[in-house]
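A look at the structure
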Amino acid sequence: MFLTYCLLNVTVIGMFGKKISGPVIKTQYLKIHWDTEDPFVFASHHADDYPEGNAQQAPPIQKISGRNLGRDYKKIFGFRMYHGKVVPGFPMHAHWGYETVTVPEVGFIDHFDSLGNQGRFGFGDVQWVSAGSMYLHDEMYPLAYDDHPNPNDITQIMINLPLKDKGSAPEVRTIWSERIPIITGSDENGGSYTVKIIAGSFGGADALPPNTVSWASDKEHRVRILLIKMSPGSKITLPKVSRTINRNLYFVEGSTVSFGDEEYEVMTRFKLKGDEDVTFTNGDSEGAYWLLEGEPIGERMSSFGPVILGSDKDVREAMNFIRKEEFNNWPWDLVDKFHPKGTERFIGFSDGREERPPV
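Fair warning: this is a prediction, and the values are worked out from it, not measured in the lab.

This paragraph deals with the sheet that holds strand β22 (residues 278-282). Strands pair in a sheet through their backbones, by hydrogen bonds, and they do so in one of two ways: parallel or antiparallel. Pairing is antiparallel in the open sheet, where four strands are placed in the order β17-β22-β19-β20. Of all strands in the sheet, those bounded by a partner on one side alone are β17 (235-238) and β20 (262-265). Ignoring which end each strand starts from, the neighbouring axes of this sheet average 25° apart.

Right, let's talk about a nonpolar patch on the surface for a bit. Taken together, the side chains of Val106, Phe123 and Tyr145 present a nonpolar region at the surface, about 220 Å² in accessible area. Relative to the helices and strands, Val106 resides in strand β5 (residues 98-106).

Bringing the side chain of Arg345 into the picture now. Structurally, the position occupied by Arg345 is in the loop between α2 (312-325) and β26 (346-348). The exposure class assigned to Arg345 is buried, which follows from its relative accessible area of 17%. Those residues within four positions of Arg345 in sequence are excluded, and the remaining contacts are Phe108, Arg120, Phe121, Gly122, Asp125, Trp176, Ser177, Glu178, Arg356 and Pro357.

For the rest of this paragraph, the subject is the sheet that holds β5. Strand order in this open sheet of six strands is β2-β3-β10-β5-β8-β11, and the pairing throughout is antiparallel. One side of each edge strand has no neighbouring strand; the edge strands of this open sheet are β2 (33-34) and β11 (171-175). Taken together, the two bridges between β2 and strand β3 (residues 40-50) define a ladder with antiparallel strand orientation. Bridge assignment links Trp34 to a residue of β3, and that residue is Ala43.

What follows covers the nonpolar core. In summary, soluble globular proteins display a tendency toward joint burial of nonpolar side chains. Counting 31 residues, the largest nonpolar core has Val101, Ile157, Ile198, Ile225 and Trp290 as the members making the most contacts within it. Those elements giving two or more residues to this core turn out to be β3, β5, β8 (126-131), β10 (150-160), β13 (192-199), β16 (224-230), β18 (246-253) and β23 (287-294). The element that contributes the greatest number of residues to this core is β3, accounting for four residues.

As a further point, take the side chain of Lys337. Here Lys337 shows up in the loop between α2 and β26. Engagement of the side chain of Lys337 in a polar contact is seen with the side chain of Asp333, the distance being 3.1 Å. Non-local contacts of Lys337, meaning those with residues more than four positions away in its chain, are made with Phe112, Asp138, Met140 and Trp332.

Take the confidence of the model for the protein next. Confidence in the prediction of the protein, expressed as mean pLDDT, is 94, and 94% of residues score 70 or more. For the stretch residues 2-15, pLDDT sits under 50, and the model shows 48 contacts to residues farther than four places along the chain or on other chains.

Applying the stated criterion across every chain yields a total of 19 salt bridges. Between Lys313 and Glu317 there is a salt bridge, and its shortest N-O distance comes to 2.7 Å. Here Lys313 pairs with Glu317, and both are found in helix α2, just four residues apart, close to one helical turn. Note that Lys337 and Asp333 form a salt bridge whose closest N and O atoms lie 3.1 Å from each other. Judged by relative accessible area, Lys337 falls into the buried class, the value being 18%.

Here we come to the pairing of strand β21 (residues 268-272). Of all five residues making up β21, five are buried, and the element is well covered by its neighbours. Residues Thr268, Phe270 and Leu272 line one face of β21 and the alternating positions Arg269 and Lys271 line the opposite face, and both faces are buried. Across five bridges, the pairing between strand β1 (residues 24-29) and β21 is antiparallel. Following the sheet pairing, Tyr29 is matched in β21 by Thr268. Pairing geometry for β18 and β21, over five bridges, is antiparallel. Counterpart to Asn248 in the pairing with β21 is Lys271.

Another point: unusual backbone geometry. Cis geometry is adopted by the peptide bond preceding Pro39, which originates at Asp38 and carries an omega value of 15°. Relative to the helices and strands, Pro39 resides in the loop between β2 and β3. You will see that Gln57, though not glycine, has its phi angle at about 60°, which is positive. Mapping Gln57 onto the fold places it in the loop between β3 and α1 (61-64).

The rules we used
- Residues numbered from 1 in each chain as written.
- Predicted model: local features only at pLDDT ≥ 70, side-chain atom pairs only at ≥ 80, totals over all residues.
- Heavy atoms only, no water.
- Pairing = 2+ DSSP bridges.
- Helix = DSSP H or I, 4+ residues; strand = E, 2+ residues; numbered from the N terminus.
- Axes fitted to C-alpha atoms, helices over the stretch in contact; angles between N-to-C directions.
- Patch = residues over 30% accessible without salt bridge, like charges linked within 9 Å, V, L, I, M, F, W, Y side chains within 5 Å.
- Areas by Shrake-Rupley, 256 points an atom, 1.4 Å probe, with all protein chains shown as cover.
- Salt bridge = Lys/Arg side-chain N within 4 Å of Asp/Glu carboxyl O.
- Buried < 20%, exposed > 50% of the residue type's maximum accessible area, 1.4 Å probe, protein only.
- Contact = heavy atoms within 4.5 Å.
- Core = buried A, V, L, I, M, F, W, Y, C linked by side-chain atoms within 4.5 Å.
- Polar contact = N/O pair within 3.5 Å; in protein donor to acceptor, adjacent residues only side chain to side chain.
- pLDDT = per-residue confidence, 0-100.

And the structure:
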């Protein structure tokens, strides 16, 4: 959702702070958009305090008047409209050459795409989209409840595809939260943690398989996406993996975290050593951390806007194609389409099949 509006460079890492001793190699302050390392290309974290929704599942008019609707990234009244003009979110936009893993821990996302698929997912579900070739979708954030606020907490992670898979047919799947493995554990001092396994494995449990074309589908690539939530003062260890792996930890909620004697504040990214066990201790409030790690693809690529392909020429041709053909390839009547009020979680496919969460 966010990648369309951001210029990417998959060969350059964002500015880190000073080099640190121990398992932490470097640190970086986190904003709404996160820098990543190969095989990941980009990530974003959205947290907005949306109010009660009206009949259109939109904010009250007095809370959106005066905004730059269509491009609203200012957090006024605790929320942003992003590119939405009625319902917040991201109207029709393209993806080409990479995957998106979207995790709304809180809130709903309404989804329509150029394949004819549609759905509503949220509250811990995971949507995995592999867009080897041009793929269009909209992602809107409906304010589904009119009797209480509609906060959201949405993380979207982009994973690159190797050159051999550029041009592959798009794949889309929704993994319901009820099926996602969550490991619980405790440390020697009684602290507790949970680990939600979105990709890879942890504690003897494996994530559900990703899309077939995914870099994460081969276990030798050691791709892991974990959401770790920790009680105050709790401790957890990430076992060593390999010297070549790119391992990054994103501290997004809490107060402080300690690696040995070194203490850091929330909203920090840590580049970690992959060939050492890494133990860290959460501070004095509930903490949330995202772990993104994997063996790099290691191929030189070119990127601009919503496209990541093998060369500048390929990217220019793809961008021209998108500009000329995106509306011809959009099968829906609106570019910011969302579902009616009262819609439950589901995914409907273009062939008429429908899936819903387990009862």
